[in-house]
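Inside the fold
Okay, here's what each chain looks like letter by letter:
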Amino acid sequence: MSLETNEHWKDEKINGIIYDMSPAPGYRHSIINGNIYEIVKRGLKNSLCLVFMENLDFKYQPDINDDYLCPDVMIVCDRKQLKGGSYYSVPKFIVETLSPSTAKRDKTVKKDIYENAGVEEYWIVTPQGRSVEIYYLKDGKYTMEQNYILEDDPDDAHYNAEIQLSLRAFPHITMELKDIFENIY
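Residues numbered from 1 in each chain as written. Predicted model: local features only at pLDDT ≥ 70, side-chain atom pairs only at ≥ 80, totals over all residues. Heavy atoms only, no water.

A few points about the state of the cysteines
- Scanning all chains against the criterion turns up 1 disulfide.
- Here Cys-49 is linked by a disulfide to Cys-77, with a sulfur-sulfur distance of 2.0 Å. Here the S-S torsion is close to 110°, and the disulfide linking Cys-49 with Cys-77 is therefore right-handed. Within this pair, whereas Cys-49 is found in the loop between helix 1 (27-43) and strand 3 (50-53), its partner Cys-77 is found in the loop between strand 5 (73-76) and strand 6 (82-83), the two being separated by 28 residues in sequence.
- Counting only cysteine sulfurs, Cys-77 is the nearest neighbor of Cys-70, a cysteine outside any disulfide, at a range of 18 Å. (Disulfide = S-S within 2.5 Å. Helix = DSSP H or I, 4+ residues; strand = E, 2+ residues; numbered from the N terminus.)

Details of the side chain of Lys-59
- With respect to the helices and strands, the residue Lys-59 is situated in the loop between strand 4 (57-58) and strand 5.
- Despite its burial, Lys-59 remains without a salt bridge, the nearest opposite charge being carried by Asp-66 at 5.6 Å.
- Once residues within four sequence positions are removed from consideration, Lys-59 is found in contact with Asp-66, Asp-67, Tyr-68, Ser-86, Tyr-87 and Tyr-88. (Buried < 20%, exposed > 50% of the residue type's maximum accessible area, 1.4 Å probe, protein only. Lys, Arg positive; Asp, Glu negative; His and termini not counted. Salt bridge = Lys/Arg side-chain N within 4 Å of Asp/Glu carboxyl O. Contact = heavy atoms within 4.5 Å.)

Looking at the sheet that holds strand 4
- Taken in spatial order, the 3 strands of this open sheet run 4-7-6, and their pairing is mixed. Looking at which strands have only one partner, the edges of the open sheet turn out to be strand 4 and strand 6.
- Bridge analysis of strand 4 against strand 7 (residues 86-87) gives 2 bridges, and the strand direction is parallel. Opposite Asp-57, over in strand 7, you have Ser-86 as the bridge partner. (Pairing = 2+ DSSP bridges.)

Take it as geometry only, folks, not as evidence of what the structure does.
Okay, structure coming up:
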């Protein structure tokens, strides 16, 4: 399987360098992405916007180069900018679920790319720590608005499994913190 044809599981091209995302991340990664995807998909029913999971490249500088990222979950609303396996406009919402091999890049380089591209909302989800960091774009810069570590023991003083998270651009799309991490253990 050739990197040039993008026919293997997943890769990304940043500043002309291809990053092979193989092997595929652990099953918890896919369960979390699926949980978020299903909730968002239901919320976007009868909308012009679409949600994609791990299978659509985001061409973040199409006029400058052919670099691309493949977010774990992404909402796109300009259907005219969908061409082949790529999206050529700015997504409304992106989730990256961390894996040990990509965590640093997701929290630094990719976060900067999403910020510079104008992605309004960016979530970083960590399966191992069962945490969610939520960034909103304000005046061209990301600020962390919410940061949660799931505590699902109802007897614990910091129990927060039922906290409602909603998408900034789609406030009717809500999920509880426990919904994100459902079935990972």
